[in-house]
Amino acid sequence: MTTSFGAAVLVLALLAMPRPAVACVFLDEPGAPQSASQQPKAEEPPPNAVTNPPLDFELLDAKKPLVPVDDAAIRRRRTLLSWHQGVGLGMFAVALANTVVGQLNYSDRFASGPSTGRYQLAHELTAGATVAAFTATGLLALFAPTPLPKTDGFDRISLHKLATGAAAAGMAAEVVLGLYTASREGYLNQPDFAAAHLIIGYFTFAAITLGVGTIVF
Amino acid sequence: MLIALILASAAAAPGTWTVDSAQSALRYAVNHKLHKVDATSKEAEGKAVVRPDGTLMVEVRAPVASLKSGDCNRDEHMLEVMNVCAHPFVVFKGLGHLAHGDAQLQLQGQIELHGVKAPAPVSLSLEAQPDGSLRVKGSFDVSLDAHGIERPSLLFAKVDDACRIEVDLLLRGPK
């Protein structure tokens with residue numbers, strides 16, 4: 001009986017001992033004391049919270065694009081104008097060579113002394129190359145689409161177009177005069193046509209130089 | 001002195017401040033070996049929200065197509081490389097803190113260019129105007145490569161990667 005009584009006392013004593021609070025119940029009660037181990041850890045701010053606050057706000061209304069454009073046409077234009085630039089620079093180099101050879105040919109044929117004709121073939125070749133390159137350069141620009149609206153006003157491009165337009169007129173005149181001058185071999189007026197061909201040649205090269213210069217500088 | 005205090009107080013008034021597009025400009029400048037290129041837009045729009053505690057949120061944008069350099073071929077090329085179809089605007093957003101009488105403002109910003117967003121911290125100068133508006137000026141550099149922009153070239157030489165963006169905005173305060 002003593003043992004049973006003692007066991008009962010022991011059980012009662014065990015039941016009466018204070019237990020650790022169940023966190024999910026007692027922590028919610030206001031003012032409930034908490035042990036240090038039960039206090040929730042303060043949330044650490046994200047590492048970038050101070051240095052990179054969110055910029056995902058919108059203060060302005062959404063707007064539709066203002067310029068309707070054809071993206072494929074833009075890409076095609078850029079390709080053609082890139083080629084235009086490369087071929088144009090090559091044309092300038094050939095035109096320079098043609099002008100030099102043309103002057104040498106005129107000096108050899110008509111300026112002084114006996115005519116040897118040693119620059120004749122070179123001039124014909126460089127002249128043909130110049131005309132071909134100039135035509136190709138012009139066609140690349142003419143066939144480039146213009147999907148974006150043009151801005152009004154006179155700018156570098158306007159001057160470039162004027163200069164190359166003048167060069168085109170000069171080039172056409174040079175082709176006609178050059179062929180006609182060559183056909184006047186033995187005639188007394190051949191030197192006159194040759195001089196005109198020379199002068200227009202310089203004018204044409206000056207126009208080409210202006211056209212290139214407006215873009216480069 | 002009294003006027004200066006009044007103007008300084010007006011500079012920090014809480015509310016929504018709106019960019020006066022007609023009196024504002026957004027500029028970019030890039031360098032090439034043969035050219036210095038700069039273009040200006042007079043169609044910038046934006047808002048700045050100032051909270052009572054001085055916290056500031058700013059958003060400014062401008063249509064890419066409105067940036068004019070005076071050279072139509074260059075502007076067309078710029079529209080091509082900027083892919084204006086898909087990304088018609090250049091957008092700046094910023095956060096900062098504005099206190100009474102501040103003449104300088106540091107913004108933690110972000111610039112969206114060519115559809116790519118990149119951090120753009122910027123220092124702005126503030127100047128209160130007699131009519132109560134606020135003139136804001138500042139500049140910062142962006143990397144064209146970082147925004148995936150194909151740098152234009154001339155004579156096989158590309159423009160520099162650094163592009164300077166300048167803002168000169170007139171903000172009109174809450175009514």
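Since we're looking at a predicted model, the values are computed, not measured. (Residues numbered from 1 in each chain as written. Chains lettered and ligands numbered in written order. Predicted model: local features only at pLDDT ≥ 70, side-chain atom pairs only at ≥ 80, totals over all residues. Heavy atoms only, no water.)

**Student:** Explain the interface of chain A and chain B residue by residue, including any values.
**Tutor:** On the side of chain B, 38 residues touch chain A, which itself brings 35 residues to the contact. Approximately 3,200 Å² of surface area, both sides summed, lies buried where chain A meets chain B, with 62% of it carried by carbon and sulfur atoms. By the criterion of area lost to chain B, the three top residues of chain A are A:L55, A:L59 and A:L60, representing 22% of everything that side buries. Run the count over chain A and chain B and you get five salt bridges. A:E58 serves as the salt-bridge partner of B:K93, at 3.1 Å between the closest nitrogen and oxygen. Where chain A meets chain B, there are 11 residue pairs in polar contact (both at pLDDT 80 or more). In terms of residue count, the dominant contributor to the side of chain A that touches chain B is helix 3 (residues 71-111) of chain A (seven residues). Taken together, the residues that form the side of chain A that touches chain B break down as 20 nonpolar, four polar and 11 charged. (Contact = heavy atoms within 4.5 Å. Buried area = accessible area lost by both parts, 1.4 Å probe. Salt bridge = Lys/Arg side-chain N within 4 Å of Asp/Glu carboxyl O. Polar contact = N/O pair within 3.5 Å; in protein donor to acceptor, adjacent residues only side chain to side chain. Helix = DSSP H or I, 4+ residues; strand = E, 2+ residues; numbered from the N terminus. Nonpolar A, V, L, I, M, F, W, Y, C, P; charged D, E, K, R; others polar.)

**Student:** Give me the lowdown on the packing of aromatic side chains, citing residues and values where you can.
**Tutor:** A full pass over the atoms with the stated rule returns four aromatic pairs over all chains. Between A:F92 and A:F205 the ring centres are 5.6 Å apart and the planes differ by 20 degrees, which places this aromatic pair in the stacked class. Linking A:F92 in helix 3 with A:F205 in helix 6 (residues 190-216), this pair joins segments that are 113 residues apart in sequence. Measuring from centroid to centroid gives 5.7 Å for B:F92 and B:F140, while their planes differ by 35 degrees, and the two rings are tilted. (Phe/Tyr/Trp six-rings, centres within 6.5 Å; stacked < 30°, edge-to-face > 60°.)

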